[in-house]
There are 2 protein chains.
Amino acid sequence: MKVSIIGVGLIGGSFALAIKESFPESSIFGIDKSEVHVKEALEIGFIDVAGTMEDLADSDVAIVAVPVDISIKVLKEALDHAGDNTLIIDAGSTKFKLCEAVKDHPKRRNYLSAHPIAGTEFSGPSAAIKDLYKEKTNIVCEVEKTAFKLQERGMEIFRKIGMRIRYMDPESHDRHIAYVSHLSHISSFMLGKTVLEKEKNERDIFDLAGSGFASTVRLAKSSPAMWSPIFQQNKENVLETLNEYIQNLSSFRDLIANDEFGEVYNEMERTNHIKSILNGIS
Amino acid sequence: MKVSIIGVGLIGGSFALAIKESFPESSIFGIDKSEVHVKEALEIGFIDVAGTMEDLADSDVAIVAVPVDISIKVLKEALDHAGDNTLIIDAGSTKFKLCEAVKDHPKRRNYLSAHPIAGTEFSGPSAAIKDLYKEKTNIVCEVEKTAFKLQERGMEIFRKIGMRIRYMDPESHDRHIAYVSHLSHISSFMLGKTVLEKEKNERDIFDLAGSGFASTVRLAKSSPAMWSPIFQQNKENVLETLNEYIQNLSSFRDLIANDEFGEVYNEMERTNHIKSILNGIS
């Protein structure tokens, strides 16, 4: 199997590592505008060859794993280069604008729109992890628009690297993912900002921070180059979630200000049942 | 060494387990208004005997580990019962009101005011963990007000169970801890609320949530009985942090609404250096 990875960072590199393990006979071609990243990926060894877009013509599968502002352009270009038998998968965190952008492309049936719900707060080739996708969810959008035999090939790859599949239309994907992913990142970044601003002259104060603080601000380490375009592409949904979040925080603040601690207690207790929902997410 | 644990939940129980390991000859007396919890603690085995406040007269050390609204009353009562040679330590998350409340107590010198920065989102005797305090920070307030030989005993215990000590006055403690702990809990509870409200009819949407979401809402599993009194006792500081957080979220929302994605990027990049600060917090 000839595999092309377009974007050899955390997401693409982790696909390369997982595919190498599940399909040991495959040759992996790495394509990236950054020569430094291609060199690093070759050194780490998760790609076998530095490739170009020309390699897509006879690739069995190509995975587009670049920031979502670039992916519209890159996906179109990848489809332009795809052979009849090439499956192009993208792994971006927003789906609606991308699906719209290629809906009339003559090779639309070579494309499978996916969003693997997996990642870490790190980025670049050295962040790639072999088991990143194991037991994780992969959201597949508009599966019916992909050629049947290419769907099958994609699903076999996802199954072998250990992912479970959920099907969804792109609009629903973008709306739901704003709540369960995009909002968490903003909440974390702004929490980090608030504390850094306050404590900027007293860095040793962070000595006082425990695992709870570390957990809530972990996502503030994420890559701005990845996240800024995501917020842009999913602007309307992100604004809706953010307005609701600010509203809830303001109401909670008012309860504290007005000494309504019985209701403060109730608010927290009503949210406590998130325990049962979070079981199984690691 | 005779040790009394007042409140045999996560915090008190973890002290009991750690002390039992570091001081194998000690006898541990468990005191709790909940008979069910005392029975559970005896069954788990981290206390040896069900005790009463009378046991404080000849205890070498007593640890008060109850919610902060109850701790003012319980700490006074514990000091009333303390023998001349009894060290009373409390482990509450707010320090100013407690130190104020006992400042004129005739046995003030028997009291060491502490805040171990350690915990989990779980509570009750079954949540106790032997290594909870290992390599964690313990903030000690007004150490000069504790009798010298009792300070020494407290420090020996903390050192043996693996804690590092930071000294601070109660007002500074409450102000800083609002930023690095209390705000994180509110941020997490309200994030949980926002998502639960939106997705209440679609529980399987949480299937789409990844580890980032789980990390940011983890603290929303915390005990309202513990946290509501903390917000009450540290009201002014908590309101200040919450207002700044809401302000930062609102500004970020406005940047997105006005399509200022260059500045969205910059905001995130400026916060990214939290990476270096978080190193070492697990």
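Residues numbered from 1 in each chain as written. Chains lettered and ligands numbered in written order. Predicted model: local features only at pLDDT ≥ 70, side-chain atom pairs only at ≥ 80, totals over all residues. Heavy atoms only, no water.

Engineer: It is not clear to me how the pattern of salt bridges should be interpreted in this structure. Could you clarify?
Structural biologist: Working definition: two side chains of opposite charge can pair if their charged atoms are close together. For the structure shown, the criterion picks out 48 salt bridges over all chains. Between Lys193(A) and Glu267(B) there is a salt bridge; the shortest N-O distance is 2.9 Å. Of this pair, Lys193(A) sits in helix α6 (residues 170–198) while Glu267(B) sits in helix α10 (residues 261–271), on two different chains. For the pair formed by Lys193(A) and Glu267(B), the shared burial category is buried. Salt bridges linked by common partners bring Lys193(A), Glu197(A), Glu263(B), Glu267(B) and Arg270(B) together as one network. (Salt bridge = Lys/Arg side-chain N within 4 Å of Asp/Glu carboxyl O. Helix = DSSP H or I, 4+ residues; strand = E, 2+ residues; numbered from the N terminus. Buried < 20%, exposed > 50% of the residue type's maximum accessible area, 1.4 Å probe, protein only.)

Engineer: I keep staring at the interface of chain B and chain A and nothing clicks. Help me out?
Structural biologist: A common way to state how big an interface is: give the accessible area lost once the parts meet. Listed per partner, the contact involves 87 residues of chain B and 86 residues of chain A. Here chain B packs against chain A, burying approximately 8700 Å² in sum over the two surfaces, 68% of which is carbon and sulfur. Between the two partners, chain B and chain A, sit eight salt bridges. Among the ionic pairs, Lys198(B) bridges to Glu240(A), the shortest N-O distance being 2.8 Å. Here chain B is connected to chain A by 29 residue pairs in polar contact (both at pLDDT 80 or more). Elements with a minimum of two residues in the side of chain B that touches chain A: β7 (137–141), β8 (164–168), α6 (170–198), α7 (211–217), α8 (224–233), α9 (235–257), α10 and α11 (274–278) of chain B. (Contact = heavy atoms within 4.5 Å. Buried area = accessible area lost by both parts, 1.4 Å probe. Polar contact = N/O pair within 3.5 Å; in protein donor to acceptor, adjacent residues only side chain to side chain.)

Engineer: Would you take a moment to explain the packing of helix α9 (residues 235–257) of chain A against helix α10 (residues 261–271) of chain A for this structure?
Structural biologist: Helix packing for two helices is described by the angle between their axes and how far apart those axes are. Residue and element names in this part refer to chain A. Where α9 contacts α10, the two axes come as close as 8 Å, and the packing angle between them is 145 degrees. Once α9 is placed against α10, the crossing between them reads as left-handed. Taking contact as the criterion, the partners of Phe252, Leu255 and Ile256 in α9 are, on α10, Phe261, Glu263, Val264, Glu267 and Met268. (Axes fitted to C-alpha atoms, helices over the stretch in contact; angles between N-to-C directions. Left-handed = near helix turned anticlockwise from the far one by under 90°.)

Engineer: Could you clarify how one ought to interpret the relation of the copies chain B and chain A in this entry?
Structural biologist: Relating the two copies of this chain is a rotation about some axis coupled with a shift parallel to it. Least-squares fitting of chain B to chain A yields an RMSD of 0.0 Å, with the transformation described by 0.0 Å of translation along the axis and a rotation of 180 degrees. Such values leave the two copies arranged in the relation of a two-fold axis. Taking C-alpha positions as the reference, the residue of chain B nearest the rotation axis is Thr216(B), at 2.2 Å. When you check the interface residues of chain B against chain A, 99% turn up at the interface there too, and the contact is symmetric in its surfaces. (Least-squares fit on C-alpha atoms with pLDDT ≥ 70 in both.)

Engineer: Sorry if this is basic, but what is going on with the environment of Met226(A) here?
Structural biologist: Positionally, Met226(A) belongs in helix α8 (residues 224–233). Separated by 103 residues in sequence, Met226(A) and Ser123(A) have C-alpha atoms that sit 9.1 Å apart.

Engineer: Would you take a moment to explain the side chain of Ser14(A) for this structure?
Structural biologist: All names here are of chain A. Structurally, serine 14 is set in helix α1 (residues 10–22). Within polar-contact distance, the side chain of serine 14 engages the backbone nitrogen of isoleucine 129 at 2.9 Å. The residues touching serine 14, leaving out its near neighbours within four places in the chain, are Gly9, Ala128, Ile129, Lys130, Leu132 and Tyr133.

Engineer: Is there a simple way to explain the sheet that holds strand β7 (residues 137–141) of chain A in this structure?
Structural biologist: Strands pair in a sheet through their backbones, by hydrogen bonds, and they do so in one of two ways: parallel or antiparallel. All names here are of chain A. On the basis of which strands lie adjacent, the open sheet formed by eight strands has the order β3-β2-β1-β4-β5-β6-β7-β8 and mixed pairing. Each of the sheet's edge strands pairs with one partner strand only, and the pair in question is β3 (49–50) and β8 (164–168). Bridge analysis of strand β5 (residues 87–90) against strand β6 (residues 111–116) gives three bridges, and the strand direction is parallel. Across the sheet, aspartate 90 pairs through a bridge with serine 113, a residue of β6. (Pairing = 2+ DSSP bridges.)

Engineer: How should helix α3 (residues 68–81) of chain A be read in this particular structure?
Structural biologist: The α-helix advances 3.6 residues per turn, and as a result positions three or four apart in sequence lie on the same side. All names here are of chain A. In this model α3 runs 20 Å from its N-terminal to its C-terminal C-alpha over 14 residues, within 8% of the 20 Å that 1.5 Å per residue would give. Of the residues making up α3, those classed as buried are Val68, Ser71, Val74, Leu75, Ala78 and Leu79. At its buried positions, α3 is contacted by β1 (2–6), β4 (61–64), β5, α4 (96–101), β6 and α8. (Expected span 1.5 Å × (residues − 1).)

Engineer: It is not clear to me how α10(B) should be interpreted in this structure. Could you clarify?
Structural biologist: Among all positions of α10(B), only Phe261(B), Val264(B), Glu267(B), Met268(B) and Thr271(B) are buried. In a view along the axis of α10(B), the buried residues occupy a sector of 110 degrees, so they form one face of it. Elements that come into contact with the buried residues of α10(B) comprise α6 and α8 of chain A together with α9 and α11 of chain B. (Arc of directions from axis to C-beta.)

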